[in-house]
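Examination of the molecular architecture
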Number of protein chains: 2
Amino acid sequence: MQYPEPIARLIDSYMKLPGIGAKTAARLAFFSMDMEEEAVMNFANALISCKRDLRMCSVCGNITQEDPCEICRDTTRDHTKVLVVEDSRDVMSMERMREFRGMYHVLHGVLSPMEGTGPEDINIATLIKRLQEAEIEEVIIATNATAEGEATAMYLSRLIKPSGIKVTRLAHGLAVGSDIEYADEMTLFRAIEGRREL
Amino acid sequence: MQYPEPIARLIDSYMKLPGIGAKTAARLAFFSMDMEEEAVMNFANALISCKRDLRMCSVCGNITQEDPCEICRDTTRDHTKVLVVEDSRDVMSMERMREFRGMYHVLHGVLSPMEGTGPEDINIATLIKRLQEAEIEEVIIATNATAEGEATAMYLSRLIKPSGIKVTRLAHGLAVGSDIEYADEMTLFRAIEGRREL
């Protein structure tokens, strides 16, 4: 005997999500079945709406309902600075800080020879076009501090620098509130290397 | 700045699921957005269908598309034995074993004074009605080996025994393939207590 077909289909759908195996998927499916009808309908509609109502901003590549996105349309922001991130969630993290008032550019990935991701597979072409067309003074590269993130930062730096635009990279070092004792060697190395006079 | 509204709603929906916090919900929402349109539509439809097309079998309480359920309608099964479980997933586990050919009764919960769950809150009334109306010879109680599961088993046993119907409980002891070294004391106690002559 199998699960009734609607449940089996829902379990299959949950299993397509990252980090969710067969047991968890079954648990989530049974939980969904016990949820209020309204909550389930909201969930289903949110799924459909995410697929139908969102697009990539044609300027910066960020996820948006309207093109260009809210940030690209905002004339009170500093359009001469562009902060380059790997994905849209990084934009949200930066915005939560409430300090950066420049623009963004979302790559939707990083260069990864291991996974066959080359420069043409991520959102680099529109960045270059943007740098040629708009008055941009500084590109701040905020890819993650992983091997791929570093390689992407180096690649972009070499690509952009000849045009005379300033290219910077986020500082790496000890996280605020962290213990030196627990810091890994690469982080300590970066902290020493990037030390500043007091 | 907030997430675009469709994403924010999807994150909210994911956060309603058990064991999923804000960060995981955001990761799942972005993942869903990158899924194939067809997969997302299947997911949404499965959610709706689980809510709309499933009901509880009026005989055994199992989740089903048709009432009575497949098992209750099956005349080749042994209708004199009823195995009582906590939820529909336990029925599936039993069916995977392919050995038990009797009927089921799904309680949809266990007695739990701590959480205020009394006999009227779980599917016990229909079980008693069933025992009165059908020719049932044995009730096998297969609630989990937790404090609540044990208490529910005791409660049902005392309720049913006076009617002369045989009441049994699943055996508890060492799991097949497990190490004595790693068994907890209660399991070992049950294994000794339930020992059998070879």
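Counting from 1, residues in each chain are numbered in the order their sequence is written. Starting at A for chains and at 1 for ligands, labels are handed out in the order in which the entities are written. Given that the model is predicted, a residue must reach a pLDDT of at least 70 before its local features are reported, and side-chain atom pairs must reach 80 or more before they are shown or counted; all residues, however, enter totals for whole chains, interfaces and linings. Side-chain metrics in this entry use all non-hydrogen atoms of the structure; hydrogen atoms and water are not considered.

Heads up, the condition is: UniProt positions are given in the numbering used here, feature names are shortened, and annotations may be inferred rather than shown by experiment.
Per an unreviewed UniProt entry, chain A goes by the name Recombination protein RecR and belongs to Granulicatella balaenopterae. Under the UniProt heading Sequence similarities (unreviewed entry), the entry covering chain A gives this text: "Belongs to the RecR family."

Concerning the domain arrangement of chain A
Much of the literature gives interface size as the accessible area that the parts lose upon coming together. What counts is decided by this rule: In this entry, domain limits derive from an automatic or database-based domain assignment.
Taken domain by domain, chain A comprises domain 1 (5–53) and domain 2 (76–193). Using only C-alpha atoms to locate each centre, domain 1 of chain A and domain 2 of chain A end up separated by 35 Å.

Quick look at the packing of aromatic side chains
Residue and element names in this part refer to chain B. Under the convention used in this document: Here a pair means two rings of Phe, Tyr or Trp (six-membered ring of Trp) with centres within 6.5 Å. Their orientation is stacked below 30 degrees between planes, edge-to-face above 60, and tilted elsewhere. The cut-offs for exposure are 20% and 50% of the maximum accessible area for each residue type, with area from a 1.4 Å probe on protein chains only; residues under the lower value are buried, those over the upper are exposed, and the others partly exposed.
Applying the stated criterion across every chain, the model contains 7 aromatic pairs over all chains. Both rings, one in phenylalanine 100 and one in tyrosine 104, keep their centres 5.4 Å apart while their planes meet at 65°; by these two values the pair is edge-to-face. You'll find phenylalanine 100 and tyrosine 104 in the same group, each marked buried.

Some thoughts on the environment of aspartate 121 of chain B
Residue and element names in this part refer to chain B. For clarity, the threshold we go by: Only DSSP runs of H or I reaching four residues or more are called helices, and only runs of E reaching two or more are called strands; each is numbered from the N terminus. Counting of polar contacts relies on pairs of N or O atoms within 3.5 Å, with two restrictions inside protein: one atom must be capable of donating a hydrogen and the other of accepting it, and residues adjacent in sequence are counted only when both atoms are side-chain atoms.
By the element assignment, aspartate 121 lies in the loop between β4 (103–106) and α6 (125–133). Each C-alpha atom of the pair aspartate 121 and glutamate 135 lies 26 Å from the other, and the pair is 14 residues apart in sequence. There is a polar contact of 2.8 Å between the side chain of aspartate 121 and the backbone nitrogen of glycine 118.

Describing the interface of chain A and chain B
Note the cut-off: Note on contacts: a residue pair is in contact if any heavy atoms of the two residues lie within 4.5 Å. When a carboxyl oxygen of Asp or Glu lies within 4 Å of a side-chain nitrogen of Lys or Arg, that pair is called a salt bridge.
The partner chain B presents 52 residues to the 51 residues of chain A that form the contact. Counting the contacts that link chain A with chain B gives 2 salt bridges. Among the salt bridges present, the one from glutamate 37 of chain A reaches arginine 52 of chain B, with a minimum N-O distance of 3.5 Å. At the surface where chain A touches chain B, the tally comes to 7 residue pairs in polar contact (both at pLDDT 80 or more).

What about the relation of the copies chain A and chain B?
What counts, and what does not: A least-squares superposition brings the copies together, and it is based on the C-alpha atoms of residues with pLDDT no lower than 70 in both.
When chain A is fitted onto chain B, the two copies agree to an RMSD of 0.0 Å after a turn of 180° and an axial shift of 0.0 Å. Taken together, these values place the two copies in the relation of a two-fold axis. Among all C-alpha atoms of chain A, that of alanine 44 of chain A lies closest to the rotation axis, at 2.2 Å. The overlap is high: 100% of the interface residues of chain A also sit at the interface in chain B, so the same surface is used on both sides.

A look at the packing of helix α6 (residues 125–133) of chain A against helix α7 (residues 147–160) of chain A
Residue and element names in this part refer to chain A. Definition in use: For helices, the fitted axis covers only the stretch in contact; all axes are lines through C-alpha atoms, and the angles between them, taken along N-to-C directions, range from 0 to 180 degrees. Take the far helix as your reference; a near helix turned counterclockwise from it by less than a right angle gives a left-handed crossing, and one turned clockwise gives a right-handed crossing.
Taken N-terminus to C-terminus, the directions of α6 and α7 make an angle of 35°; their axes are 12 Å apart at the nearest point. When you trace α6 past α7, the crossing you get is right-handed. Where α6 abuts α7, its residues Leu127, Ile128 and Leu131 lie against Leu156, Leu159 and Ile160.

Digging into the side chain of serine 13 of chain B
Relative to the helices and strands, serine 13 of chain B resides in helix α1 (residues 5–15). Accessibility expressed as a relative area gives 6% for serine 13 of chain B, which makes it buried. Once residues within four sequence positions are removed from consideration, serine 13 of chain B is found in contact with Asn42 and Phe43 of chain A.

Description of the UniProt feature "domain: Toprim" (unreviewed entry) in chain A
Here the UniProt feature "domain: Toprim" (unreviewed entry) sits at residues 80–175 of chain A. The distance separating the terminal C-alpha atoms of residues 80–175 of chain A is 28 Å; by composition the span is 34% helix and 18% strand.

Examining α7 of chain A
All names here are of chain A. Test applied: For a helix, the expected span equals 1.5 Å multiplied by the residue count minus one. The arc in question is traced by the directions running from the helix axis to the C-beta atoms.
The terminal C-alpha atoms of α7, which comprises 14 residues, lie 20 Å apart, in line with the 20 Å expected from a rise of 1.5 Å per residue. If you check which residues of α7 are buried, you get Gly149, Thr152, Ala153, Leu156, Ser157 and Ile160. Looking straight down α7, one finds its buried side chains confined to an arc of 135°; they lie on one side. Of the exposed residues in α7, the ones pointing more than 90 degrees away from its buried face are Ala147 and Arg158. Buried residues in α7 make contact with β3 (81–85), α6, β5 (138–141) and β6 (166–169).

Points about the packing of helix α2 (residues 22–34) of chain A against helix α3 (residues 37–52) of chain B
Quick reminder of the rule: The cut-offs work like this: below 35 degrees is roughly parallel, past 145 is roughly antiparallel, 65 to 115 is roughly perpendicular, and the gaps in between are oblique. Note that Gly is not counted as nonpolar here; it falls among the polar residues with everything else outside the nonpolar set of Ala, Val, Leu, Ile, Met, Phe, Trp, Tyr, Cys and Pro and the charged set of Asp, Glu, Lys and Arg.
Here α2 of chain A crosses α3 of chain B at 55°, and the two axes come no closer than 8 Å. Between α2 of chain A and α3 of chain B, the interaxial angle falls into the category oblique. Considering only the axes of α2 of chain A and α3 of chain B, their crossing is right-handed. Contacts from Ser32, Met33 and Asp34 of chain A of α2 of chain A reach α3 of chain B at Leu47, Cys50 and Lys51 of chain B. Taken together, the residues of the contact of α2 of chain A with α3 of chain B break down into 3 nonpolar, 1 polar and 2 charged.

As for the environment of arginine 98 of chain A
All names here are of chain A. With respect to the helices and strands, arginine 98 occurs in the loop between α5 (88–97) and β4 (103–106). According to the relative accessible area criterion, arginine 98 is exposed, its value standing at 71%. Put simply, arginine 98 and glutamate 181 are 83 residues apart on the chain and 31 Å apart in space, counted from C-alpha to C-alpha.

Considering the pairing of β4 of chain A
Residue and element names in this part refer to chain A. Heads up, the rule is: Any two strands with at least two DSSP bridges between them are considered paired. The definition of a right-handed crossover adopted here requires that, viewed with the strands pointing away, the path from the first strand over the helix to the second runs clockwise.
Where burial is concerned, the two faces of β4 agree: the one with Met103 and His105 and the one with Tyr104 and Val106 are both buried. Judged from the 4 bridges that link them, β3 and β4 form a sheet pairing that is parallel. Paired with valine 84 across the two strands is histidine 105, which belongs to β4. Read from β3 through α5 to β4, the crossover connection turns out right-handed.

Side note on the UniProt feature "zinc finger region: C4-type" (unreviewed entry) in chain A
In the numbering used here, UniProt assigns the feature "zinc finger region: C4-type" (unreviewed entry) to residues 57–72 of chain A. Taken end to end, residues 57–72 of chain A comprises 19% helix and 12% strand; its first and last C-alpha atoms sit 8 Å apart.

So, the pattern of salt bridges
Residues and elements named next belong to chain A. If you walk through the whole model with that rule in mind, you get 17 salt bridges over all chains. For glutamate 95, the salt bridge is made with arginine 77, and the minimal N-O distance between the two is 2.9 Å. With glutamate 95 in helix α5 and arginine 77 in the loop between α4 (70–73) and β3, the pair connects residues that are 18 residues apart, well separated along the chain. Taking the relative accessible area as the measure of exposure, arginine 77 reaches 6% and is therefore buried.

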